[in-house]
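Listed below, chain by chain, are the residues.
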Amino acid sequence: MNFHALAERLLPGDYPSPAFYEEKYPARTLPKGAEVTRLAPSPTGFIHLGNLFAAIANERIAHRSGGVLYLRIEDTDLKRKVDGAVEAVISALKYFDIQFDEGAEIGGNETYAPWYQRQRAEIYRAFAKKLIEEGRAYPCFCTEEDLSALRDEQTKNKEITGYYGKYAKCRNLSEEEIYKNLDEGKPFVVRLRSLGNPENKIKFHDEIKGDVTVTENDQDVVILKSDGIPTYHFAHAIDDHFMRTTLVLRGEEWLASLPIHIELFDALGFTRPRYGHNCSLMKQDGETRRKLSKRKDPELSLEFYRKEGYFARAVKVYMLTLLNSNFEEWYLKNPDADLNDFPFKAEKMSKSGALFDLDKLNDVSKNELARLSVEETISFLQNWANEFGTEKQRQYFSDEGKLQAVLALCMGIGGKKRRKDFTTASQAMEFIKFFFERPVLHESYRVTDADKRSILNGFLSRYNAADDAQVWFSKVKEIAAENGFAAEMKDYKANPENYKGSVADVAEVLRIATTGRANTPDLWTIQQILGEGEVRARIQGEIV
RNA sequence: GGCCCCAUGGUCAAGCGGUUAAGACACCACCCUUUCACGGUGGUAUCAUGGGUUCGAAUCCCGUUGGGGUCACCA
């Protein structure tokens, strides 16, 4: 068979030689040990926690080593394209401080452009043509029906499915048959002529999983689809070679196709990059757990976390604790260090998939938010409110002095210990709501209606906003004594049967009347912030 | 089903042949306290299973079980 003639018929025209491309996309000059990693999403525009998880790992490894992180868009499948998706990916990741050095819509080092695979069609065809010329690839005229019939038959016979060996019908088509099909205008794909034998095992070192054994590939995989666009596998080999990726860090769902990639790199005469296959983030789904899925878990989209108002750094810290098991310990020891100073290591990544734990994220969030100053908190809350808050919430920011006082109280500024009441912006806004809006729903009082009125009236007759906290509380004690409640906690604890309750119960009545809630930060301070008129009005409103 | 990966408390996990099997989250109790939050002290709870190897196994080997992934002209 004249492979050159066939190649010319299949992919007519002159294509540059491999040497040309080797020169066009030269090896990078980078310091020793520097890693070139990449993110290569398809442009669906949807990113979830799992993507962020992988993105952080790639970013850290590139930048810790003084290397490069680039963004390549795998748009070989037209069905997946969504407008504005690339910008959405970039901005979502930027929110978590993940910056690309080069790539689609970013630019940077133009040497390795373009970063959209559709714009790289020529190079894929050049190498496909070369493989055809070498007899390592061939046209296949099988239709989708042929293929699914084949699959059905193989399934029925309990054989391995796929296009391989004796099942690869078009593999040994005669020259006449090929040209006849071509003359008839039949569409074709280009398949790799696999030389592998699944009996052979390949020992392979994975940067995360360690030594793994994989089976040699024997599938004649499609490398060029009928529209002349490469499949992922082929594009991966070409792009990661010519973009000079040193470390391919990707999800472990790719481990199964690693044999294909190994054979492709060999067939093309490229040196393989190193690989690390990271486990995916899992989600509890009923009795079992499964990989996060963009279809099934919309609540795990990054957008969800922005809407809830999770603090970006908190999400990142949590991801880091899952990513590198020694991160948490390091962070405890170096609470003030830059996160980027953490010595991130691929080999410290877990081999088994971690269950996403919202409790833990919330705990991290509380701690992170408790590190902020009042000013930082205001700007964090305001950014959130401007985008996701209600009109009323945005008005909280109009009286900045009041807001500062509220936050200082709720965050425990000035006290010995910071409070940790805030987990997200939306929750914090809800938490401080009663300072700005009269509570509509009050928690139920636990004293009798008569006691409630008596306590509230007793407070109103004594209340003076000029009182300091001590005087104020001594008045509360008076009210307690007057109504048959113990003024001193220790008296109550000693003889609970002698009292209706304690001063704590009295304070609770005042707290609910003032804020609508049974649990709040210090009540005296709250009343100071609210002002005498507002306090009286609220309490009066509860005496009906 | 074939192939591959994985397996320490409810969750994330340390551990690399000898430990009372760390730590964090969650949970419980107590302390602090006018409530809550914070903080403090203590507690419940883990080596999937069966065989080896070894003086000695969570750690090494084999089987079993369980979980996950993958088997496209999608990535």
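It should be emphasised that the depicted structure is a prediction, and the values quoted were computed from it without experimental measurement.

Colleague: Run through the overall build of chain A, naming residues and quoting values.
Modeller: For chain A, the helix and strand inventory stands at 24 helices and 14 strands. Viewed in the frame of its principal axes, chain A has a C-alpha envelope of about 110 × 55 × 40 Å. Among the 544 residues that make up chain A, the fraction classed as buried is 51%. For chain A, restricting intrachain contacts to residue pairs at least 6 apart in sequence, the fraction spanning at least 24 positions comes to 73%. Each charge class in chain A was averaged separately, 77 positive and 85 negative side chains, and the resulting centres sit 2 Å apart.

Colleague: Summarise the packing of aromatic side chains; cite the residues concerned and give the values.
Modeller: Applying the stated criterion to the full structure yields 30 aromatic pairs. When the ring of Phe-20 is compared with that of Tyr-21, the centres are 5.3 Å apart and the planes differ by 75°; the resulting orientation is edge-to-face. For Phe-20, a relative accessible area of 40% translates into the label partly exposed. Taking the centre distance of 4.3 Å and the plane angle of 15° together, the rings of Tyr-396 and Phe-436 count as stacked. Here the residue Tyr-396 occupies a position in the loop between helix H15 (391–395) and helix H16 (400–410), and Phe-436 occupies one in helix H18 (residues 433–436), the gap between them amounting to 40 residues.

Colleague: Lay out the pairing of strand E4 (residues 137–140) with the relevant residues and their values.
Modeller: Neither face of E4 is open: one carries Ala-137 and Pro-139, the other Tyr-138 and Cys-140, and all of them are buried. Examined bridge by bridge, E4 and strand E5 (residues 189–192) share 4 bridges and lie antiparallel to one another. Within E5, the position partnered with Ala-137 by the bridge is Leu-192.

Colleague: Got a sec to walk through the sheet that holds strand E1 (residues 36–39)? Specific residues and values, please.
Modeller: What the 3 strands build is an open sheet, ordered E1-E2-E3; its pairing is parallel. In this open sheet, the two edge strands, each paired with only one partner strand, are E1 and strand E3 (102–103). Sheet topology note: the strand E2 (residues 68–71)/E3 ladder contains 2 bridges and is parallel. The residue bridging Leu-71 from the neighbouring strand is Gly-103, located in E3.

Colleague: Which residues make up unusual backbone geometry, and what values go with them?
Modeller: Residue Pro-114 is reached from Ala-113 by a cis peptide bond, and omega for that bond is -5°. When you line up the elements, Pro-114 lands in the loop between E3 and helix H5 (121–133). Located in the positive-phi region is Arg-244, a residue other than glycine, with phi close to 60°. Here Arg-244 is to be found in the loop between helix H8 (232–242) and strand E9 (247–251). What makes Arg-244 buried here is its relative accessible area of 15%.

Colleague: Account for the domain arrangement of chain A, with residues named and values stated.
Modeller: Looking at chain A, the domain boundaries give domain 1 (3–15 + 121–278), domain 2 (286–369), domain 3 (374–432) and domain 4 (449–541). Placing a centre on the C-alpha atoms of domain 1 and another on those of domain 2 gives a separation of 37 Å. Tallying the contact residues gives 5 residues for domain 1 and 6 residues for domain 2. Overall, the association of domain 1 and domain 2 removes approximately 560 Å² of surface from exposure, summing both partners, and the carbon and sulfur fraction of that is 59%. When the buried surface of domain 1 facing domain 2 is broken down by residue, Glu-207, Ile-208 and Lys-209 rank first, second and third, together holding 63% of it. Applying the counting rule to domain 1 against domain 2 returns 0 salt bridges. For the interface between domain 1 and domain 2, the tally reads 1 residue pair in polar contact (both at pLDDT 80 or more). Looking at side-chain class alone, the side of domain 1 that touches domain 2 contains 1 nonpolar, 1 polar and 3 charged residues.

Colleague: Before we move on, can you summarise the packing of helix H20 (residues 469–482) against helix H22 (residues 503–515) with the specific residues and values?
Modeller: Viewed as axis vectors pointing N to C, H20 and H22 meet at an angle of 110°, and their least axial separation amounts to 9 Å. Between H20 and H22, the interaxial angle falls into the category roughly perpendicular. Residue-level contacts link Phe-473, Val-476, Lys-477, Ile-479 and Ala-480 of H20 to Val-503, Val-506 and Leu-510 of H22. Split into classes, the residues belonging to the contact of H20 with H22 amount to 7 nonpolar, no polar and 1 charged.

Colleague: Any chance you could break down the sheet that holds E5 for me, citing the residues and the numbers?
Modeller: Here 3 strands make up an open sheet; going across it, the order is E4-E5-E8 and the pairing antiparallel. The strands lining the two open edges of the sheet, one partner per strand, are E4 and strand E8 (222–224). Across the sheet, the mean angle from the axis of one strand to that of its neighbour is 45°, orientation sign disregarded.

What counts as what
Residues numbered from 1 in each chain as written. Chains lettered and ligands numbered in written order. Predicted model: local features only at pLDDT ≥ 70, side-chain atom pairs only at ≥ 80, totals over all residues. Heavy atoms only, no water. Helix = DSSP H or I, 4+ residues; strand = E, 2+ residues; numbered from the N terminus. Buried < 20%, exposed > 50% of the residue type's maximum accessible area, 1.4 Å probe, protein only. Contact = heavy atoms within 4.5 Å. Lys, Arg positive; Asp, Glu negative; His and termini not counted. Charge placed at Lys NZ, Arg CZ, Asp CG, Glu CD. Phe/Tyr/Trp six-rings, centres within 6.5 Å; stacked < 30°, edge-to-face > 60°. Pairing = 2+ DSSP bridges. Domains from an automatic or database assignment. Buried area = accessible area lost by both parts, 1.4 Å probe. Salt bridge = Lys/Arg side-chain N within 4 Å of Asp/Glu carboxyl O. Polar contact = N/O pair within 3.5 Å; in protein donor to acceptor, adjacent residues only side chain to side chain. Nonpolar A, V, L, I, M, F, W, Y, C, P; charged D, E, K, R; others polar. Axes fitted to C-alpha atoms, helices over the stretch in contact; angles between N-to-C directions. Parallel < 35°, antiparallel > 145°, perpendicular 65-115°, else oblique.

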